[in-house]
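Close look at the chain arrangement
Spelled out from the first residue to the last, the chains are:
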Amino acid sequence: MKKASPFGAVKRSMVGDNGPSVWPGDDPSILGSAVLEPVGPTEVRSFQTFRLVYTVGKLGLDDTGGIRVAWRYIGDAGQPQFNDPAAANFVSATSNGQGRLELKYDKRGGQRPWNEILTVFQSGGYLTQGDQITVIFGDTSGGSPGMLTQTFVEGGREFRVMADVQATGNYCELADQLAIPIVAGPPVSWHAAIPTLRRPDETFHLGLKAEDKWGNPTAQAGATLRLEPSLPVTGLPEQLEYAPEDRAITLENLTVADQGILRIKVFAGDTQVAEAGPLVIRQGDIAGFWGDLHGQTGETIGTNTIESYLDFARNKAFLDVTSHQANDFQVTAEFWAHLNQQTALMDEPGRFTVFPGYEWSGNTAVGGDHNVFFRTEGRPIRRCSHALLEDRADMASDAHTLTDLYKAFNDTGEDVVMYAHVGGRYANIFYDHDPLIETSVEMHSAWGTFEWILTDGFPLNRRVGVVCNSDGHKGRPGASYPGDSIFGAYGGLTCFLTDRNDRDAIFEAQRRRHHYGTTGCRMFMDVAVKLPSPGILFDRNPDAMPDTKTHPVVEAMMGDIVRTDARTVQFSGEIIAHAGIERIEIRNGTEVIKTVRPYEERDLGNRIRVLWSGAEYRGRGRNTNWTGRAQFENATITRFETINQWNPDSLFEQRGSDTVIWKTVTTGNFMGFDAWVDGAQSAAGLAITTNHGNLTLALADITLQDITLDAGGLERKLTVFRLPDAPLQRQLSFSQSISLDDDGDNPLWICVTTEDGFQAWSSPIYLFR
């Protein structure tokens, strides 16, 4: 299929080793042409064969010249290989002209975003106009099953074709480019989503979808669904025919009159296939609105378009709030204008809040990655550089360092909020900080989990909130699966606590840190501090705004900054989750004051949990590869369940009756398994062998408390403990008396871990005496 690029006019710039260049002249026949077949819709993660035929143009193709095919770096299709005709992803190339062809593949051989490169070199002769080179991706003639396609849906997976016709090393793009639409596979799971906090008679929506093995909403699902709510819901049908036109459906304008906890079970026939909730219906001043404010599309490093991205956020992930965050050094003036048009078009106060914004992508040495959110459209973009932009007309507005960016925003009185985050270039919180602009840090994304980006700031007296987003590059904000490439975690979500869902209210929630983040689940979280005598609540950080409004209070919510004379306060909270609650850690700064569990030592059964976690270091190469084996001695595994196995193709399975093996990746997050075992506990043991350390234990010694092996790296470790056999309870409250330190802040916050491997963090309440 020949097609124009969906991301703007195709430029004949080189994708190679020496930077961009432009072919002189506009005659497309000089470079030749290419066709690709077949071009029909292709299922994700299937084996296929594609034939690309390049026809030589007017100038011919000189000896040692060649053609290149480039794909986006974020892709996770099978990597081409040329050595084993019987293995997957075998690629062959032939021509009907002189000489021979040589093939070379390089995952990082080209210029961003077209890093993945296959080069076909012509040698031993030249080709003339009309000669053809045929490249077969997934050549099955030698027994190969074919070429493995990517894990995510895309309107068109581009095969960007270039030619170096004069053997100069200058590979210039052909005028017409090629693409294959990638569609979802068959359904393997159903999902239902509702918010977590509303007031009586306040409207909400229920989202329903079926996903394939790789987390793509699929059009292949159809069923009669029965809905069984735990509370009466006005507007909710008892059953519906699920046959969506666009891979998901949303039931709008639902309400619940009475206070309580709503969960909606979804049945297909007599089988429960999903459950939505919890949704807490409670009188009060606030509701909870879920957002993923961080992701990219094909206009920069990601895939798909801004239009499909915003549609996915609202109608496939069922979010209340979103934003788009493109790397600034790749944002053209045309795309910035188009992005602002789309955010204005999709913003729907009361239902769906969309912020214009971008990612300031300065190197870690000068501040590192920061998300920028504007309250209104039409604001100028201040880039860290024009590294990938040909139009340099607005270079004077660049802010090369984080300090430059803060100064520019303050000088112009910009209405803006920023987050520090960990992506390719992790944020350097030691470099600079503006308390009135940088309100939060992103603790979790598809890149992994990074508590250190918050805790590093405590000694610096930073008072920031916790957010979690996806930083997804596959066009799936709010439901961002990592696939099989550089990401290692499911994308996060943030719940904003405010009285309404519009830009003004969400901005105020950000500036007051009234929000909490999760690793992708939707749980209800409420934490508060009760003071024995009135304290002073500050609307803004008084270190940066001494004249900010103040209020006398005897209670503070998450994110608040409060001065108190109290030496001891009562810190309480309530968690209502989608799954069982494994633990709640109550923290003052970096100290865990208490760990609360919904079970005691006497409740423990024969369920052994084994986890591995951590990263190599803070930068781009943080992924830790784990190869491991856990063998039970004198015990038999009767049931086995994985935790956070986001890549279905990774090796992670039970072997025989007593062994589990794995070859997986962590990126600051954790994964592992539960094994229910039979056997004489007094004589049974567990031997864990990994490439990062070994652990040998008697099962009788595995109890409530974590047994941990430090495995080096960045908080890299093995952890083993015992759980009750039965599912854990999904609702848990705590109340803890905490003595305050006299000097500096007391950041009181919690970390929640659920039975199925999700985590959540409250924004700290900052108390100082």
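For the structure, see preceding data.
A few points on the structure. In this text, all values refer to a predicted model and were calculated from it rather than measured experimentally. (Residues numbered from 1 in each chain as written. Predicted model: local features only at pLDDT ≥ 70, side-chain atom pairs only at ≥ 80, totals over all residues. Heavy atoms only, no water.)

Side note on the overall build of the protein
To be explicit about the condition: By definition, any uninterrupted DSSP run of H or I lasting at least four residues is a helix, any uninterrupted run of E lasting at least two residues is a strand, and each is numbered from the N terminus. Whether two residues touch is decided by their heavy atoms; if any such pair falls within 4.5 Å, the residues are in contact. Surface accessibility follows the Shrake-Rupley procedure with a 1.4 Å probe radius. Residue values consider only the protein chains on display as shielding.
From N to C terminus, the protein includes five helices and 53 strands. Over its C-alpha atoms, taken along the principal directions, the protein stretches across nearly 90 × 70 × 55 Å. Considering only residue pairs separated by 6 or more positions, the protein has 73% of its internal contacts joining residues 24 or more positions apart. Looking at the protein as shown, the accessible area adds up to about 27900 Å², and 47% of this sits on carbon and sulfur atoms.

A word on helix H1 (residues 306-315)
Stated precisely, the cut-off is as follows: Exposure is judged per residue with a 1.4 Å probe applied to protein chains only, and the accessible area is read against the type maximum: over 50% gives exposed, under 20% gives buried, and values in between give partly exposed.
Ile306, Tyr309, Leu310, Phe312, Ala313 and Arg314 are the residues of H1 that are buried. Where H1 is buried, its residues meet strand E20 (248-254), strand E24 (321-323), helix H2 (333-346) and strand E25 (353-355).

Brief notes about the nonpolar core
Quick reminder of the rule: We define the nonpolar core as a collection of buried residues of types Ala, Val, Leu, Ile, Met, Phe, Trp, Tyr and Cys that are connected through side-chain atoms lying within 4.5 Å of one another.
Phe571 and Ile750 are the most contacted members of the largest nonpolar core, which totals 69 residues. Leaving out residues up to four positions away in the same chain, phenylalanine 571 has contacts with Val527, Ala528, Val529, Ile586, Phe734, Ser735, Gln736, Ile738, Leu748, Trp749, Ile750 and Ile765. If you look at the next biggest cluster of nonpolar residues, it comprises 33 residues, including Leu52, Val56, Val153 and Ala163.

So, the sheet that holds strand E41 (residues 624-633)
Quick reminder of the rule: Only strands that DSSP links by at least two bridges are regarded as paired with each other. Here an angle of 0 to 180 degrees is reported between the N-to-C directions of two axes, which are lines fitted to C-alpha atoms, with helices fitted over the stretch in contact.
With antiparallel pairing, the five strands of this open sheet are ordered in space as E43-E44-E41-E46-E47. Among the strands making up the open sheet, the edge pair consists of strand E43 (651-655) and strand E47 (693-698). Between one strand axis and the next, the sheet turns by 15 degrees as a mean value, whatever way the strands run. Two elements, E41 and strand E44 (residues 659-666), share eight bridges in a ladder whose sense is antiparallel. Looking at E44, one finds that arginine 629 is bridged to isoleucine 661.

Regarding the pattern of salt bridges
Cut-off, in case you're wondering: Any carboxyl oxygen of Asp or Glu that lies within 4 Å of a side-chain nitrogen of Lys or Arg is treated as forming a salt bridge with it.
Under the criterion given, the structure shown has 48 salt bridges. Between aspartate 369 and arginine 425 there is a salt bridge whose closest N-O contact spans 2.9 Å. With aspartate 369 in the loop between strand E26 (357-360) and strand E27 (370-374) and arginine 425 in the loop between strand E28 (416-420) and strand E29 (438-445), this residue pair connects regions lying 56 residues apart in the sequence. We classify aspartate 369 as buried; its relative accessible area is 1%. According to the relative accessible area criterion, arginine 425 is buried, its value standing at 9%. Taking the shortest distance from any N to any O, the salt bridge between glutamate 582 and arginine 583 comes out at 2.9 Å. No difference in accessibility class separates glutamate 582 from arginine 583, as the two residues are buried. Taken together, the shared-partner salt bridges in this structure form one network comprising Arg45, Lys213, Asp484 and Asp649.

These results come straight from atomic positions and should not be treated as a statement about function.
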